[in-house]
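Residue-level listing of the chains:
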Amino acid sequence: MSLNETPSGERPHIVFFGVRNAGKSSLVNAVTGQALAVVSPVAGTTTDPVRKAMELAPAGPVLVVDTPGIDDEGDVGQLRVQRALRALDEADVAVLVVDAARGLTPFDAQLLEAFRERVVPHVLAWNKADVAEAPEGAGLVLGREVRVSALTGEGVHQLKELLAAMVAGAGEGGLGADGPGAAAGLASANPLVADLLSPGDVVVLVIPLDSAAPKGRLILPQQQVMRDALEAGAFPCATGVEGLPALLDMLPRPPRLVVTDSQVFGAVAAAVPTDVPLTSFSILMARYKGDLPAQLAAVRALEALSDDSTVLIAEGCTHHRQCNDIGTVKLPEWIRQISGANPQFAFTSGREFSDDLSPYAAVVHCGGCMLNRQEMQSRLRRAVAQGVPATNYGMVIAHANGILPRALAPLGVAAS
């Protein structure tokens, strides 16, 4: 994909952290070359994370995130701190901006410890180098240090080169700039669909254009699978559910793979011969950004739900709810069908995702196409740490339709 086409969920996220008035926003503006963030001598000017897509050679498209000060005060200030800390979930690389004249604060030390615990590669940027000398090294384990001045531009080019090297190194699947585990969300990214195809294969994409589909475009997983198939040298063909039988009859040989929108799994499974591999966009996304075996175990946990259980249904995007919305209407019905019970449901969307998952018997998450892999992995790890099963939309729908083994077979995963 070109720079303009690369979605935020596919861009490495570089997140700037620090205390108030350390110069985070000024440095973000210097790195992006734009007045992206509002700057002011008044402490606490940045109230919410600010995001900017840009090109960072040689890494390519990235997303730069400016966060509120980690030392904010008061009730509203604590809400800002929570938003800043939540940005850790999406950080592939972190930049800790420190006022060189002030030195490291206890808040900075806490951030450094958080970077180490999460194995997030990071840079310590000693800002305001035009008026103060940077202290001696801060004992970084996974990071690097650089002297910068957002005011004069000193060290900004060096910082950009360092960040690009860290992102590019991790993206190549190597050790990157920071040793084993650095930017794990990039280095260990799973394939989408290309590894299942060979040049010349035909892959059929079933794309229903129902009332929930955005006008004038395909949803992101459909675009991504089509692009990945083209890059593999395969021949993607698209159809709606009604046209699927005619398309299959027209093909000179059976397709190598059929990928469908999960919502029509039942109808498509009935139309596609059993010897033709079948899966869904959502399940491919679960493999791409998640942990497929763990999500398989979690989908089985839905069978044990009771009327007293509560299930969290989480979406990584926000959209206008339709009368027959998949998240709030269809999935609860499928889950009731699987469990034979009438559990309660809670819903989150966008970047809002519960820190405390203990009230829930299970989490059912979308494919996460609008989230980067780091944030999706963070959500899944949070569920595992709290002993809450977390699974995927497509796997739930396949299970409800009695075709989960068939939907996972093309991925080499046994559902038994």
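Our subject in this report is the structure included herewith. Being a predicted model, the structure only gives us computed values, none of them experimental.

## Brief notes about the overall build of the chain
Secondary structure summary: the chain contains 14 helices and 14 strands in total. Looking at the chain as a whole, 55% of its 416 residues qualify as buried.

## Here we look at helix α12 (residues 373-385)
In this model, α12 (13 residues) spans 18 Å end to end at C-alpha, consistent with the 18 Å of a helix rising 1.5 Å per residue. Phi turns positive one or two residues past the end of α12, at G387, with a value near 70°.

## Things to note about the pattern of salt bridges
In this structure the tally under the stated criterion is 15 salt bridges. Salt-bridge contacts for E231 lead to R227; the nearest nitrogen and oxygen are separated by 3.0 Å. Note that E231 and R227 are positioned in helix α6 (residues 220-231) at a spacing of 4 residues, about one turn of the helix. Overall, E231 belongs to the exposed group, its relative accessible area being 53%. Judged by its relative accessible area of 33%, R227 is partly exposed. Across the salt bridge formed by E303 and R300, the nearest N and O atoms sit 3.8 Å from each other. Linked through salt bridges whose partners overlap, the residues forming this network are R86, D89, R118, E352, D355 and R382.

## Digging into the pairing of strand β2 (residues 50-56)
Relative to strand β3 (residues 60-66), β2 is paired through 7 bridges, and the arrangement is antiparallel. Bridged to R51 within β3 is V65. What sits between the antiparallel neighbours β2 and β3 is a turn of 3 residues.

## Quick look at the sheet that holds strand β12 (residues 344-348)
In any sheet, the strands associate via hydrogen bonds between backbone groups, in a parallel or an antiparallel arrangement. With respect to topology, 4 strands assemble into an open sheet ordered β12-β11-β13-β14, the strand pairing being parallel. Bordering the open sheet on either side are β12 and β14 (390-392), each of which pairs with just one other strand. Going from strand to strand, the sheet's axes swing by 25° on average, the running direction of each strand aside. Across 5 bridges, strand β11 (residues 310-314) lies against β12 in parallel orientation. Directly across from A314, in β12, lies its bridge partner T348.

## Describing unusual backbone geometry
Here N21, not a glycine, exhibits a phi torsion of approximately 65°, which is positive. Phi angles above zero are rare outside glycine, and V119 is one such case at about 55°. Residue placement: V119 occurs in the loop between α3 (106-118) and β5 (122-127). Judged by its relative accessible area of 35%, V119 is partly exposed.

## Considering helix α11 (residues 326-339)
Turning to α11, its buried residues are I326, G327, L331, P332, W334, I335, I338 and S339. The inward-facing, buried residues of α11 abut β11, β12, β13 (362-365) and α13 (393-400). Where α11 begins, one side-chain oxygen reaches toward the backbone nitrogen of G327, 3.1 Å away; that side chain belongs to D325.

## Regarding the sheet that holds strand β7 (residues 202-206)
Reading across from one edge, β8-β7-β9-β10 is the order of the 4 strands in this open sheet, with parallel pairing throughout. Edge positions in the sheet fall to β8 (235-239) and β10 (278-280), since each has one partner strand and no second. On average, each strand axis in the sheet is inclined to that of its neighbour by 25°, with strand direction left out of account. As judged from the 5 bridges shared by β7 and β8, these two strands associate in the parallel manner. In the strand pairing of β8, V202 is matched with F235.

## Quick look at the state of the cysteines
For the structure shown, the criterion picks out 0 disulfides. The thiol sulfur of C369 is not disulfide-bonded, and the nearest other cysteine sulfur, from C317, lies at 6.0 Å.

## With respect to the side chain of S309
Mapping S309 onto the fold places it in the loop between α10 (292-301) and β11. Looking at S309, its side chain comes within polar contact range of the main-chain nitrogen of S306, at 3.0 Å. In this structure S309 touches P343, Q344 and A361, once residues within four positions along its chain are discounted.

## Examining the environment of P277
Here P277 is to be found in the loop between α8 (265-271) and β10. Sequence separation between P277 and L411 is 134 residues; the distance between their C-alpha atoms is 9.5 Å. Setting aside anything within four residues of it in sequence, one finds P277 in contact with P255, R256, L257, V258 and P410.

## A few points about the side chain of T239
Assignment of secondary structure puts T239 in strand β8. Classification of T239 as buried rests on a relative accessible area of 12%. Residues in contact with T239, not counting those within four places in the same chain, are V204, L205, V206, I207, L244 and L247.

Cut-offs used in this document
Residues numbered from 1 in each chain as written. Predicted model: local features only at pLDDT ≥ 70, side-chain atom pairs only at ≥ 80, totals over all residues. Heavy atoms only, no water. Helix = DSSP H or I, 4+ residues; strand = E, 2+ residues; numbered from the N terminus. Buried < 20%, exposed > 50% of the residue type's maximum accessible area, 1.4 Å probe, protein only. Expected span 1.5 Å × (residues − 1). Salt bridge = Lys/Arg side-chain N within 4 Å of Asp/Glu carboxyl O. Pairing = 2+ DSSP bridges. Axes fitted to C-alpha atoms, helices over the stretch in contact; angles between N-to-C directions. Contact = heavy atoms within 4.5 Å. Polar contact = N/O pair within 3.5 Å; in protein donor to acceptor, adjacent residues only side chain to side chain. Disulfide = S-S within 2.5 Å.

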